[in-house]
Amino acid sequence: QVQLVESGGGLVQPGGSLKLACAASGRTFSNYNMGWFRRAPGKEREFVAALRWNGASIEYADSVKDRSTISRDDAKNTVYLQMNNLNPEDTAVYYCAVGRHWPVGEASDVAYWGQGTQVTVSS
């Protein structure tokens, strides 16, 4: 079992930025394919970004690709999601995820989920 603990969510104004963090424990982090998903109010869970364990591949959803960066710090067993130019459509609960395999692009690709962190974009 892998435990994922997210942090960094909160309330931001449109145009603002957040850096979400996800700390992992339980297994060797460096071998994990990692991803971020989100669920907006009244909508289904949506893929946001993913990073292959060796950094060879990075994927972003079209809705965030020009203003988001996924990264990892293996020394800290932590994966990050930097989001800039936030808009109200980004309001959602954001979930960190460990992939079963590659690619990680939908919920069925996920082995473990974090508890989620709320991001609210509002003026």
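Residues numbered from 1 in each chain as written. Predicted model: local features only at pLDDT ≥ 70, side-chain atom pairs only at ≥ 80, totals over all residues. Heavy atoms only, no water.

Student: I keep staring at the sheet that holds strand 1 (residues 3-7) and nothing clicks. Help me out?
Tutor: Two strands in a sheet stick together by hydrogen bonds in their backbones, pointing the same way (parallel) or opposite ways (antiparallel). As summarised here, the arrangement of the four strands in space is 1-3-8-7, forming an open sheet in which the pairing is antiparallel. Each of the sheet's edge strands pairs with one partner strand only, and the pair in question is strand 1 and strand 7 (68-73). Averaged over all adjacent pairs, the angle separating strand axes in this sheet is 15°, with direction ignored. Here strand 3 (residues 18-25) pairs with strand 8 (residues 78-83) via six bridges, running antiparallel. Bridging across to strand 8, A23 finds its partner in T78. (Pairing = 2+ DSSP bridges. Helix = DSSP H or I, 4+ residues; strand = E, 2+ residues; numbered from the N terminus. Axes fitted to C-alpha atoms, helices over the stretch in contact; angles between N-to-C directions.)

Student: For this particular structure, what's the right way to read the side chain of S68?
Tutor: Inspection of the secondary structure puts S68 in strand 7. Overall, the relative accessible area of 6% leaves S68 in the buried class. Other than its neighbours up to four places away in sequence, S68 contacts Y60, L81, Q82 and M83. (Buried < 20%, exposed > 50% of the residue type's maximum accessible area, 1.4 Å probe, protein only. Contact = heavy atoms within 4.5 Å.)

Student: For this particular structure, what's the right way to read the state of the cysteines?
Tutor: Throughout the structure, instances matching the rule amount to one disulfide. At a sulfur-sulfur separation of 2.1 Å, the disulfide partner of C22 is C96. Around the S-S axis, the bridge from C22 to C96 shows a dihedral of about -80° and counts as left-handed. On the criterion of sequence distance, the pair formed by C22 in strand 3 and C96 in strand 9 (residues 92-99) is long-range, its members being 74 residues apart. (Disulfide = S-S within 2.5 Å.)

Student: Quick question: what am I supposed to make of the nonpolar core here?
Tutor: The tendency in soluble globular proteins is for nonpolar side chains to be buried as a group. In this structure, L4, M34, W36, V79, L81 and Y94 are the most contacted members of the largest nonpolar core, which totals 34 residues. Contributions of two or more residues to this core are made by strand 3, strand 4 (34-39), strand 5 (45-51), strand 8, strand 9 and strand 11 (117-121). Excluding residues within four positions of it along the chain, L81 makes contact with L18, K19, L20, W36, V48, A49, S68, T69, I70 and Y94. (Core = buried A, V, L, I, M, F, W, Y, C linked by side-chain atoms within 4.5 Å.)

Student: What exactly am I supposed to notice about unusual backbone geometry here?
Tutor: Both trends apply: most residues other than glycine have a negative phi, and most peptide bonds are in trans. Of note, the bond from W102 into P103 is cis; its omega dihedral lies within 30 degrees of zero at 5°. Relative to the helices and strands, P103 is located in the loop between strand 9 and strand 10 (110-113). For N77, which is not glycine, the phi torsion reads 50° and is therefore positive. Note that N77 resides in the loop between strand 7 and strand 8. In this structure, N85 is a non-glycine residue whose phi angle is positive, near 50°. Examined against the element boundaries, N85 turns out to sit in the loop between strand 8 and strand 9.

Student: Explanation requested: the pattern of salt bridges in the structure shown.
Tutor: Pairs may arise between side chains of opposite charge once their charged atoms sit close together. Counted under the stated rule, the structure contains five salt bridges. Between R38 and D90 there is a salt bridge whose closest N-O contact spans 2.9 Å. Of this pair, R38 sits in strand 4 while D90 is found in the loop between strand 8 and strand 9, placing the two residues 52 residues apart along the sequence. Like R38, the residue D90 is buried in the burial classification. Among the ionic pairs, D74 bridges to R72, the shortest N-O distance being 3.2 Å. Residue D74 is classed as partly exposed on the basis of its relative accessible area, which comes to 38%. Connected via shared salt-bridge partners are R38, E46, R67 and D90. (Salt bridge = Lys/Arg side-chain N within 4 Å of Asp/Glu carboxyl O.)

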